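Given next are the chains, with one letter for each unit.
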Amino acid sequence: MTISGATLTGMCSMPMVKLTPSILTVSRRFKPLSVASAEQPLMTVENFEVDLTVKRGRLETEVERFSLKDYLEQSRELLMTSDGGPPRWFSPLECGSRLDNSPLLLSLPGVDGTGLSLLLHHQRLGEIFDVWCLHIPTTDRTPFTDLVKLIERTVRSENDQHPGRPIYLVGESFGGCLALAVAARIPHIDLVLVLANPATSFGKSPLQPLIPILKIAPDHIRPGLPYIMSLMTGVPSSMLTSTAKKGLPSQQTITDLSEAVASLFSYLSDVGDVLTVEMVLWKLKMLESACAYSNSCLHAVSAQTLILSSGNDQLLPSLQEGERLQKTLPKCQIRTFSDSGHALFLEETFDLVTVIKGAGYYRRAKHTDYASDFVPPSSHEIKDILDSSTWIDLATSPVMLSTLENGKIVRGLDGIPSEGPVLFVGCHNMLGFEVAPMIRRFIIDKNIIIRGVAHPMLFRKLKENGMPNLATYDVTRLMGAVPVSPSNLYKLFSLKSHVLLYPGGVREALHRKGEEYKLFWPEQSEFVRMAARFGGTIIPFGAVGEDDYAQLVLDYDDQMKIPFMKDYVKQTTDESIKLRNDMNGEVANQDLHMPVILPKVPGRYYYLFGKPIKTEVLVSGRMEELRSRERANQVYVEVKGEVEKCLNYCKAKRENDPYRNILSRLMYQATHGLESEVPTFDLD
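Residues numbered from 1 in each chain as written. Predicted model: local features only at pLDDT ≥ 70, side-chain atom pairs only at ≥ 80, totals over all residues. Heavy atoms only, no water.

A.B. asks: What am I meant to see in a nonpolar patch on the surface here?
C.D. replies: On the surface, a cluster of nonpolar side chains totalling about 350 Å² of accessible area is made up of Leu394, Val601, Leu663 and Leu666. Inspection of the secondary structure assignment puts Leu666 in helix α26 (residues 662–672). Taking the relative accessible area as the measure of exposure, Leu666 reaches 36% and is therefore partly exposed. (Patch = residues over 30% accessible without salt bridge, like charges linked within 9 Å, V, L, I, M, F, W, Y side chains within 5 Å. Areas by Shrake-Rupley, 256 points an atom, 1.4 Å probe, with all protein chains shown as cover. Salt bridge = Lys/Arg side-chain N within 4 Å of Asp/Glu carboxyl O. Helix = DSSP H or I, 4+ residues; strand = E, 2+ residues; numbered from the N terminus. Buried < 20%, exposed > 50% of the residue type's maximum accessible area, 1.4 Å probe, protein only.)

A.B. asks: Is there a simple way to explain the side chain of Asp657 in this structure?
C.D. replies: Along the chain, Asp657 turns up in the loop between α25 (629–653) and α26. On the accessibility criterion, Asp657 (6% relative accessible area) is buried. At a separation of 2.7 Å, a polar atom in the side chain of Asp657 contacts the side chain of Tyr606. A polar atom in the side chain of Asp657 sits 3.1 Å from the side chain of Thr680. Apart from residues no more than four positions distant in its own chain, Asp657 is found in contact with Arg604, Tyr606, Pro679, Thr680 and Phe681. (Polar contact = N/O pair within 3.5 Å; in protein donor to acceptor, adjacent residues only side chain to side chain. Contact = heavy atoms within 4.5 Å.)

A.B. asks: I'm lost on the packing of aromatic side chains in this one. Help?
C.D. replies: In this description, an aromatic ring pair is defined by two values, namely the gap between the centres and the angle between the planes. Counting across every chain of the model gives 21 aromatic pairs. For the pair Tyr502 and Phe541, a centre-to-centre distance of 6.1 Å together with 65° between the ring planes defines the contact as edge-to-face. Here Tyr502 is found in the loop between β14 (498–501) and α19 (505–509), whereas its partner Phe541 is found in strand β15 (residues 537–544), with 39 residues between them in sequence. With respect to burial, Tyr502 and Phe541 carry one shared label: buried. Counting every residue linked through ring pairs, the aromatic cluster contains Phe424, Phe442, Tyr502, Phe541 and Phe609. Sitting above the plane of the Phe520 ring, Arg507 keeps its charged end 4.0 Å from the centroid. (Phe/Tyr/Trp six-rings, centres within 6.5 Å; stacked < 30°, edge-to-face > 60°. Lys NZ or Arg CZ within 6 Å of the ring centre and 35° of its normal.)

A.B. asks: What exactly am I supposed to notice about the pattern of salt bridges here?
C.D. replies: Opposite charge on two side chains permits pairing when their charged atoms draw close. In the structure shown here, the tally under the stated rule is 26 salt bridges. A salt bridge links Arg441 to Asp445; the nearest nitrogen and oxygen atoms lie 2.9 Å apart. With Arg441 and Asp445 both in helix α16 (residues 435–446) and four residues apart, the pair spans about one turn of that helix. Take Asp445: its relative accessible area is 40%, and that puts it in the partly exposed class. We note a salt bridge from Asp657 to Arg604, for which the minimum N-O separation is 3.0 Å. Of this pair, Asp657 sits in the loop between α25 and α26 while Arg604 sits in the loop between β17 (596–599) and β18 (606–609), and the two are 53 residues apart along the sequence. Each of the two residues, Asp657 as well as Arg604, counts as buried. Salt bridges sharing common partners tie together Asp547, Asp548, Arg654, Glu655 and Arg660.

Pasting the structure below:
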C-alpha cells in the first residue's frame, strides 16, 4: 500500500557461582542471579507500552546515564578486588526495571573479562531486556571451548524454561567470537546475535607482531602495556571527544576533562600493577583460539545476526571483517560507524538500544511483530532525530493547515485529534518526499508519533545489489513504521495509534512524468471498515511541493526502454514481496525502480488536512453498518474526493505565496531571525 518513510544458586546445570559478598561490597551495582521463577504471562501490547512509559519516565528523571568515567572506576574495582574463582553470571542492579516479558540478553565480555562492556547502556537495556553479564576473573584460566560450553548450558536452560522467548547474545571483540561459537552449537534455539567488531579477524590484527616480542620481554615493561593497549582501542580519544561534544561551558568542560583523564590514568596505573606478561600472553592465546574456533564453525551459524563495525578500529580490520561476515552468515545485517574506535560500546555517543530498534532487531517472540514490539522512542532519541533533521525545516519550511469540525481551515494542526485511533490518508509524492517534514512537524507541534504503514522492502533484506540498503530506513523503523498488512493495521488501530496510509502505494511514490499529485487507488475500500471497527477518525490530506524540488528525468517508462535498466528493475521486483497481485490496472503495477531526478532550487511544501471523518457514525450501535461494503465504499469515495480537494487547494493557494522560493525565505529570516516562522498566503 505504501512507502511511508525514507523517508531491547544455579539456574542451569553448569557450575555457575554467584558474586561473593566482597565484590558486592565494593561495587554495590551488581546482584547475584536468583533461581529462575516460573514464566510470567505475556503482557498485552497496551500494558507493555504503558508500563514502559512509566519506567522510562522514572529512569530519565531520576538516573543519569553512566559515563566512561564510571566504567573505568567500576572496572578498576573488579580487577583490583577480584576473589578469583570460576566465571559467573551477574545482573546489574540498574537493569532491574525490566518488563515481565522482556527477552533475555546475555552480555559476553571482551578479553578483559570484567563483564562491564555494556555498562553505559545498562539503564536503557534494562528497560526492555532481562540483562545477564558474564564475569571472568583475571586469574581464571578457563579455555575458550569451556567458556563456550558454559554459555551454551545457560542458553539451553533458559530456553527450556522460556521456550517462546528469544535469547540475545551481545559481544564485543572476544565476546563476538563466543557468541558465534555458541550459536553454531545450538542452531535450533532462537538466538539473536549482536556483535561489535568481533575478533574473528584477529589473525590480521596489528597485535600479531607483538606476540613473539612479549614472550621474551622482561617483566619491568608490564606497567606500560595498558597505556599502549588503551591508545589502540581509542578509549582516550573517545573520552576527550565525548566530553567536548556535550556543549558545556568551557570551565565545566575543562573540569570534566581533568576528572576523566585522572580516572583513566588511575585505571591504567592499577591495571599495570595487576597485569603480568604471562596474563597478557594468556589473553592473546585466548584470542587466537577464539578466532580459529569461531571461523571454523561459521557455516553452522543460522541465528539472526547484527554486525556493528567501527571504521577507526586500530586493533582489528573491522570494516572488512563485517562485510565478510555479512556475506557468510545467512541472516546478517551490518551497521557501520565510521568515526568509532574498537571499544564501540564505551563511546558515549553510541546508543545500543537505538541501533537494535532501528535495525528492526528487537522482538519478544519467535517472529518480529513490528506493531506490538514497538518501543516508543525515548526523549533523547526524539531529540537526536529532530536535531539531525533541522535542515528539513530550512529546506521545506512546511505550511501546515488543518480543518476544524465546522469546516474552517486554520493554520497549524488544531484540527487534528490528539487521541487515536486516527488514520491519515493521502497521495504519495515522488519517493515519499512529503513524509519527513510532516512527521517532524507532528512531533514538534502536537507531540504525536505517526506510525507509517510501509512497503515490506523497508523491512526485508533483498539480495546483493538489490534495493534498498536497509540502514537507510533505520529512523523509519525507530519511529514505529510497520510492513503493510491487514493484521498490522488492525493492531495499530487497537493501540489507538496515529497511522499514516497511502492507498496508492508504490505506484504513486514511483509515478511517471506528468503524474504529479495523481491518485492511483484501488476501486474498493481497503481501510474504511477496519477504521470503523475501532471507531477511528479518518483524516484525508494533501501534500504539495515535489515539483518545486525535483524534475523527473528518467521514469519507469524510460527505463523499460533501456535493456540493462529493464533487467535491473525486473530483478529487484522479483526479489521483493509482491503486493496486489489480485488486482488489475495501474494500481497493480508494483515494479520497483529508482527514478532519475534532477534537483531544483528548493521551493516549499504545503499540507492541508481535511475535515475529520468520524467512523463511529457508520456504526451507530449497529454491527450491520460495520459489515456494509456499500456504506464503506461510499465513505471511501468521499475520502478520495477530499484528498483531491486538498491537493487542488494547496496547488492553487501556493501561487499566492510570496515566500514559496527558498531565497525569499532566507532573506526574510535574515531580517527577522532564523527561528522566526516564515509567513505564507492568506487564508480565505
